[in-house]
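The residues making up each chain are set out below.
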Amino acid sequence: MKADKRTTQFARQLYKLSLGADGRLSSERVAAVLACIEKTKPARALALLQTYHRHLAAEVGRSQALIEHAGPVSDALVAQIAAAMTKKYNRPITPAPKPAPALLAGLRIRVGDDLYDASAHGALEQLATATTA
Amino acid sequence: MTVLEQVEAQIAQLSNRATKRNTGTIRSLADGVANIEGLSDVMYNEMVSFPGNAIGIALNLAQDEVGCIILGDIATLKEGDEVQTTGKLLSVPVGKALLGRVVDALGRPVDGKGPIDSKEACPVERIAPGIIARKSVSQPVFTGITAIDSMIPIGRGQRELIIGDRGTGKTTIAIDTIINQAKINKVGLATGDPKFRPIYSIYVAVGQKNSNIVRTIATLETAGALEYTIIVAAPAADNPANQYIAPFAGAAMGEWFMENDMDALIIYDDLSKHAVAYRQISLILKRPSGREAYPGDVFYLHSRLLERAARLDGKGSLTALPIVETLAGDISAYIPTNIISITDGQIFLETDLFNQGTRPAVSVGLSVSRVGSAAQIKATKQVGGKLKGELAQFRELAAFAQFGSDLDERTRKQLDRGARIVELFKQPASAPIPIEQQCVTLWAMQKGFYDALEIKNIIPAAKSLREFFATRKDPILAEIRAKSALDKDLESKIQAAVDEWKLTQPKA
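Calculation criteria
Residues numbered from 1 in each chain as written. Chains lettered and ligands numbered in written order. Predicted model: local features only at pLDDT ≥ 70, side-chain atom pairs only at ≥ 80, totals over all residues. Heavy atoms only, no water. Helix = DSSP H or I, 4+ residues; strand = E, 2+ residues; numbered from the N terminus. Rg over C-alpha atoms; globule rule 2.2 N^0.38 Å. Buried < 20%, exposed > 50% of the residue type's maximum accessible area, 1.4 Å probe, protein only. Contact = heavy atoms within 4.5 Å. Areas by Shrake-Rupley, 256 points an atom, 1.4 Å probe, with all protein chains shown as cover. Lys, Arg positive; Asp, Glu negative; His and termini not counted. Charge placed at Lys NZ, Arg CZ, Asp CG, Glu CD. Domains from an automatic or database assignment. Buried area = accessible area lost by both parts, 1.4 Å probe. Salt bridge = Lys/Arg side-chain N within 4 Å of Asp/Glu carboxyl O. Nonpolar A, V, L, I, M, F, W, Y, C, P; charged D, E, K, R; others polar. Pairing = 2+ DSSP bridges. Axes fitted to C-alpha atoms, helices over the stretch in contact; angles between N-to-C directions. Polar contact = N/O pair within 3.5 Å; in protein donor to acceptor, adjacent residues only side chain to side chain. Left-handed = near helix turned anticlockwise from the far one by under 90°. Phe/Tyr/Trp six-rings, centres within 6.5 Å; stacked < 30°, edge-to-face > 60°. Lys NZ or Arg CZ within 6 Å of the ring centre and 35° of its normal. Expected span 1.5 Å × (residues − 1). Arc of directions from axis to C-beta.

**Structural notes on the overall build of chain A**
Inference 1: Looking only at helices and strands, chain A features five helices and four strands.
Inference 2: Counted from the first residue to the last, chain A has its helices and strands arranged as α-α-α-β-α-β-β-β-α.
Inference 3: For chain A, whose C-alpha radius of gyration is 19 Å, the value lies well above the compact-globule estimate of 14 Å for 133 residues.
Inference 4: Oriented by its inertia axes, the alpha-carbon framework of chain A measures out at about 55 × 40 × 25 Å.
Inference 5: Sorting the 133 residues of chain A into buried and exposed places 34% on the buried side.
Inference 6: In chain A, the proportion of contacts linking residues at least 24 apart, taken out of those at least 6 apart, comes to 64%.

**Overview of the overall build of chain B**
Inference 1: Tallying secondary structure elements over chain B gives 16 helices and 18 strands in all.
Inference 2: Relative to its length of 508 residues, chain B is compact, with a C-alpha radius of gyration of 26 Å against a globular reference of 23 Å.
Inference 3: Once the C-alpha set of chain B is aligned to its principal axes, its extents read approximately 90 × 55 × 45 Å.
Inference 4: Taking all 508 residues of chain B together, 52% fall into the buried category.
Inference 5: Long-range pairs, those at least 24 residues apart, make up 73% of the contacts in chain B with a sequence separation of at least 6.
Inference 6: Counting only carbon and sulfur atoms, one obtains 54% of the accessible surface of chain B, whose full area is about 22600 Å².
Inference 7: Averaged over its 58 positive side-chain charges, chain B has a centre that lies 5 Å from the centre of its 58 negative ones.

**Details of the domain arrangement of chain A**
Residues and elements named next belong to chain A.
Inference 1: Partitioning chain A into structural domains gives domain 1 (5–61) and domain 2 (63–132).
Inference 2: A C-alpha centroid distance of 29 Å is found between domain 1 and domain 2.
Inference 3: Contact with domain 1, which involves four residues of that partner, is made by six residues of domain 2.
Inference 4: Summed over both partners, the interface of domain 1 with domain 2 buries about 410 Å², with 40% contributed by carbon and sulfur atoms.
Inference 5: Taken together, domain 1 and domain 2 are joined by zero salt bridges.
Inference 6: The residue makeup of the side of domain 1 that touches domain 2, split by class, is one nonpolar, one polar and two charged.

**Notes on the sheet that holds strand S18 (residues 368–369) of chain B**
Sheet strands pair by backbone hydrogen bonding; their relative direction is either parallel or antiparallel.
Residue and element names in this part refer to chain B.
Inference 1: Strand order across the open sheet formed by eight strands is S8-S14-S13-S15-S16-S12-S17-S18, with mixed pairing between neighbours. Edge positions in the open sheet fall to strand S8 (102–103) and S18, since each of these has one partner strand only.
Inference 2: Two strands pair when backbone bridges link them, and strand S12 (residues 161–164) and strand S16 (residues 317–325) are joined in this way by three bridges, in the parallel orientation. Along S16, the bridge assignment pairs Ile162 with Ile323.
Inference 3: Across the sheet, helix H3 (residues 170–191) touches S12, strand S13 (199–206), strand S14 (229–234), strand S15 (263–269), S16 and strand S17 (345–349), and the angle it forms with S13 is around 155°.
Inference 4: Strands in contact with helix H6 (residues 271–284) are S13, S15 and S16; relative to S16, the strand with the most contacts, it is inclined by about 75°.

**With respect to the environment of Tyr334 of chain B**
Residues and elements named next belong to chain B.
Inference 1: Locating Tyr334 in the fold gives a position in helix H8 (residues 334–342).
Inference 2: With 119 residues separating them in the primary sequence, Tyr334 and Leu453 have C-alpha atoms 46 Å apart.
Inference 3: Filtering out sequence-adjacent residues up to four positions away, Tyr334 remains in contact with Arg291, Glu292, Tyr294, Pro295 and Val298.

**With respect to the pairing of strand S7 (residues 91–94) of chain B**
All names here are of chain B.
Inference 1: On S7, burial follows the alternation: Val92 and Val94 on one face are buried, whereas Ser91 and Pro93 on the facing-out side are not.
Inference 2: As defined by bridge partners, S7 adjoins strand S9 (residues 120–123) across four bridges and the pair is classed as antiparallel. Bridged to Pro93 within S9 is Ala121.

**Quick word on the interface of chain B and chain A**
Inference 1: On the side of chain A, 19 residues touch chain B, which itself brings 21 residues to the contact.
Inference 2: In total, about 1800 Å² of surface goes out of reach between chain B and chain A, with carbon and sulfur atoms giving 46% of it.
Inference 3: At the junction of chain B with chain A, the criterion picks out five salt bridges.
Inference 4: The tally of links from chain B across to chain A stands at 10 residue pairs in polar contact (both at pLDDT 80 or more).
Inference 5: When residues of the side of chain B that touches chain A are traced back to their parent elements, those giving at least two are helix H1 (3–13), strand S1 (19–30) and strand S2 (33–38) of chain B.
Inference 6: Class assignment of the residues belonging to the side of chain B that touches chain A gives a composition of five nonpolar, eight polar and eight charged.
Inference 7: Note: strand S4 (residues 114–119) of chain A against S1 of chain B, four bridges, orientation antiparallel. Counted as the bridge partner of Leu115 of chain A is Arg21 of chain B from S1 of chain B.

**Description of the pattern of salt bridges**
Residues and elements named next belong to chain B.
Inference 1: With the rule as written, the count across this model stands at 41 salt bridges over all chains.
Inference 2: Across the salt bridge formed by Lys78 and Asp81, the nearest N and O atoms sit 3.2 Å from each other.
Inference 3: For the salt bridge of Arg126 with Glu259, the shortest nitrogen-to-oxygen distance reads 3.6 Å. With Arg126 in the loop between S9 and strand S10 (140–141) and Glu259 in helix H5 (residues 240–259), the pair connects residues that are 133 residues apart, well separated along the chain.
Inference 4: Among the ionic contacts, a cluster of salt bridges with common partners joins Arg126, Glu255, Glu259, Arg308 and Lys315.

**A closer look at the packing of helix H14 (residues 458–472) of chain B against helix H16 (residues 488–504) of chain B**
Residue and element names in this part refer to chain B.
Inference 1: H16 packs onto H14 with a crossing angle of 120° between their chain directions and a minimal axis gap of 10 Å. Here H14 and H16 pass one another in a crossing that is right-handed. Along its contact with H14, which presents Ala461, Ser464, Leu465, Phe468, Phe469 and Arg472, the element H16 presents Ile494, Ala497, Val498, Glu500, Trp501 and Thr504.
Inference 2: Of the residues contributing to the contact of H14 with H16, the split by class is eight nonpolar, two polar and two charged.

**So, the side chain of Asp117 of chain A**
Inference 1: Examined against the element boundaries, Asp117 of chain A turns out to sit in strand S4.
Inference 2: In this structure the side chain of Asp117 of chain A is engaged in a polar contact, spanning 2.7 Å, whose partner is the side chain of Ser119 of chain A.

**With respect to the environment of Arg359 of chain B**
Residue and element names in this part refer to chain B.
Inference 1: By the secondary structure assignment, Arg359 is in the loop between helix H9 (351–356) and S18.
Inference 2: In sequence terms Arg359 and Ile455 are 96 residues apart; their C-alpha atoms lie 16 Å from each other.
Inference 3: Apart from the residues lying within four places of it in its own chain, the contact partners of Arg359 are Phe354, Phe425, Lys426 and Gln427.
Inference 4: One polar contact links the side chain of Arg359 to the main-chain carbonyl oxygen of Phe354, over a distance of 3.2 Å.

**Observations regarding the packing of aromatic side chains**
Inference 1: Overall, the coordinates contain eight aromatic pairs over all chains when judged by the stated rule.
Inference 2: Note that Arg359 of chain B overlies the ring of Phe354 of chain B, its terminal NZ or CZ placed 4.1 Å from the centroid.

**Some thoughts on H16 of chain B**
All names here are of chain B.
Inference 1: Over its 17 residues, H16 runs 25 Å from end to end, which matches the ideal 24 Å to within 8%, given 1.5 Å per residue.
Inference 2: Residues of H16 that are buried: Leu490, Ile494, Ala497, Val498 and Trp501. One side of H16 holds all its buried residues, which, seen down the axis, span an arc of 100°. Within H16, the exposed residues directed more than 90 degrees away from the buried face are Lys488 and Leu503.
Inference 3: On its buried side, H16 packs onto helix H13 (435–446), H14 and helix H15 (474–483).

In structure tokens:
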């Protein structure tokens, strides 16, 4: 179900209400918003929840560094990456390591829309694009 | 470079450092337009890379999503696919290597003649030259069509609209102009004159049937004009994004000639279909619609395109001949009035005239060139300066003459002369007449050489006169070409030659 303009605006308002005083997502506030939706049952509830979920997912993506790695990664390296990203984006970034053997070697870090690729798979993909374009 | 060397060069280029990309996800996809979630760093008009080598242009930067038009094959794309920014503006190949080729809206060859060896590329969207860089229009572009060259002259760097209903010969005028440029180029380059400036042509086909484009290519090839022409094809079967971008791609190719001290002519065939393609994109992008459902910036769309045609001080020029199709001769519709106000004049083609057999069906009253006689050679001014006024008077008198049969001598003479001028201006397609031959035929008209002839015999007589000059009096034509003006000596030579030609004509 596609959200109309009103639903989109409402979902954005709910998302803003879900942010705490520090500008980060607050689980209590999100729970309160969900409880309110369940209680009041607004029109186009499904589309509203889907849009709200998209906003929350984007916010979660912005505040975490998804670290995909092919081989083993030490906790110290993960902490180092998190510290570097926190400094770069000027906001607290929490690390989320995830094994990804498809990368063959190296790392790939995603923070929000930004993708930092230092993997063998990425390099090969780049090579393929350059030679076939 | 061997295949192995190419791959090795690419490997060498790859650095070990991490690459940063700004990515997004396709949320919806329809009619060549994708709505993308993410792409937080994307710039307006930036190229966006889609899977499968398709590229898009970011046109709508909204709060939650980015609206992109997709150029190329969209069949393999689906919702959820990842896209990424490139940090570049859309560019097309430019240069002389494109001459004689048929390319798509992205400058890729579609004529099966192999890859194009182009060394340079230019951005499709560019700011038009400013006031200081420009120079006033004063050099002519000869169309080879007597009615236009004598009454509605076009200059290098001018924007002259060709407007009329469907099937009135708009494209024919454009093609004839391209053919005439090729003929002039061949003659001029053969003389080896260092001052000669050839005009290269770019024909942009927007939203046309493929069969029509093939016919145009065949006409140009037969006339030997394709070698001086680039054809940018965005046919009706292409997605609206390609149709939208094609005129801008053509303008980028034309600008290259202008910037590199050469002259170019660009035909946009046609901008009504271009506006329709842009309307389609805008409606899918959910931009607010205005009059006739066109978006609010449809004027800006065409003004920024046509403003790129200019004559640059110390450099070359780009002349634009946009074509617009009207419905039932209504030039006061939205898109025609917009483009009329942007251009430096218009050639209006009338359906009634066309059906009466007056071809090219140029309406003298509604056609104008705002550059005026500044873009005419002196010889044409001397022989055809009064023609427009005479023809306009003729049309007026002809309308009144229908109400009564008693006409005074003066009116009858004016009507008779007008009918002869109309007849003299009739010209078949793909047969442009060199300007010096036009001067001779108009001179003969001015001096009353056709007055004794029956009106139906004027066209054969004019043709015979031109052939006589081309085959037996070429030095006179060469002198007109060189002097670009008729002095007393030259006029007496023309007089003698026309008298000689008269003797060859059968007695009535």
